[in-house]
Amino acid sequence: MDDYLLLEQMCVGNQEAFDQFYQRYHQYIFQIAYKVLANRPEAEDLTQEVFIEIYQRCDQYQVSRGSVKAWIAVKVRSRAIDRLRKKPEVLADKLEDIITNSSPSADQFVIKKMEKDLLQAALLKLPLSQQQAIYHMYYDQFTQKEIAVKSNRPLGSVKSSIRYGLQNLKKQKSLIRWIGSGGGDK
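Starting afresh in each chain, residues are numbered from 1 along the sequence in its written order. Only residues with pLDDT of at least 70 are given local features in this predicted model, and only at 80 or more are side-chain atom pairs given and counted; all residues enter the totals for whole chains, interfaces and linings. Only hydrogens and water are set aside; all other atoms, that is, all heavy atoms of the structure, feed into the side-chain values.

Looking at an unreviewed UniProt entry, the protein chain carries the name Sigma-70 family RNA polymerase sigma factor, with the source organism given as Gracilibacillus salitolerans. UniProt positions are given in the numbering used here, feature names are shortened, and annotations may be inferred rather than shown by experiment. Quoted verbatim from the Sequence similarities (unreviewed entry) field of UniProt, the annotation for the protein chain is "Belongs to the sigma-70 factor family. ECF subfamily."

With that settled, consider the environment of Leu126. Numbering of helices and strands starts at the N terminus; helices are DSSP runs of H or I of at least 4 residues and strands are runs of E of at least 2. Looking at the element boundaries, Leu126 is found in the loop between α6 (106–123) and α7 (128–139). When the C-alpha positions of Leu126 and Leu166 are compared, they lie 9.5 Å apart, and in sequence the two are 40 residues distant.

Here we take up the pattern of salt bridges. Here, a salt bridge means any Lys or Arg side-chain nitrogen found within 4 Å of an Asp or Glu carboxyl oxygen. Inspection of the entire model under this criterion finds seven salt bridges. Two residues, Arg83 and Glu49, come together in a salt bridge whose shortest N-O distance is 2.4 Å. Of this pair, Arg83 sits in helix α4 (residues 68–86) while Glu49 sits in helix α3 (residues 40–56); the two residues are 34 residues apart in sequence, bridging distant segments of the chain. For Arg83, a relative accessible area of 16% corresponds to the buried category. When accessible area is computed with a 1.4 Å probe and restricted to protein chains, residues below 20% of their type maximum are described as buried, those above 50% as exposed, and intermediate ones as partly exposed.

On to unusual backbone geometry. If you check the backbone angles, Ala38 has positive phi at about 55° while not being a glycine. By relative accessible area, Ala38 is classed as partly exposed at 40%. Located in the positive-phi region is Asn152, a residue other than glycine, with phi close to 55°.

Right, let's get into the nonpolar core. Residues Leu7, Phe21, Ile29, Ile54, Val68, Ile72 and Val76 are the most contacted members of the largest nonpolar core, which totals 28 residues. Among the elements that line this core, the one with the most residues is helix α2 (residues 15–37), at ten residues. Residue contacts follow a heavy-atom distance rule, with two residues in contact if any of their heavy atoms lie within 4.5 Å. Each residue touching Ile72, except ones within four places of it in the same chain, is listed here: Phe21, Tyr25, Tyr28, Ile29 and Ile54. By nonpolar core we mean a set of buried residues, namely Ala, Val, Leu, Ile, Met, Phe, Trp, Tyr and Cys, connected to one another through side-chain atoms within 4.5 Å.

Only rings of Phe, Tyr and Trp enter the pairing, Trp through its six-membered ring, and a pair is recorded when the two centres are within 6.5 Å. The plane angle decides the type: under 30 degrees is stacked, over 60 is edge-to-face, the rest tilted. Throughout the structure, instances matching the rule amount to ten aromatic pairs. Taking the centre distance of 6.2 Å and the plane angle of 40° together, the rings of Phe18 and Tyr22 count as tilted. In this pair, Phe18 and Tyr22 are both assigned in helix α2, four residues apart and thus about one turn of the helix distant. Assessed through its relative accessible area of 23%, Tyr22 is described here as partly exposed. Taking the centre distance of 6.4 Å and the plane angle of 90° together, the rings of Phe21 and Phe51 count as edge-to-face. Linking Phe21 in helix α2 with Phe51 in helix α3, this pair joins segments that are 30 residues apart in sequence. Assessed through its relative accessible area of 2%, Phe51 is described here as buried. An aromatic cluster of at least three residues, connected via ring pairs, comprises Phe18, Phe21, Tyr22, Tyr25, Tyr28, Phe51 and Tyr55.

In structure tokens:
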């Protein structure tokens, strides 16, 4: 039975369909969770939570948006990153390890990916003008003059947006380190 039919059967309460779906995707979900969380018990917990969510909300899947496997992967990755965001001290410790350890590894790749995701989330907390200026400068590799022309803003305004945006990002990162060091527990 294909994945979509399994989901349809699960939506009407078919236990056999759920069992088959579980057998098909248990290892897949666990592997994604473990790659992001790098913690076996956390990955196991998340795997179970994702299965419960899929079972309870199987009608959320839309064929037009891609395969069931891709839908699951996005769901697992999002939930894993949400868990890490709730525990910023874990992320701060892992980032500190990356800075002090110069040998590349799969763990470092995953952490760098998580750091990128957190940075993108932090960017979304900035005012729009700062978001756009920083994005164009660091992601699109535009010069400040190119950003000014593209956004139809004065060069001085673009420079200020970048400067204030970077200051705001640094404040967010220092908050993560402050919480991670125990500073938020007092």
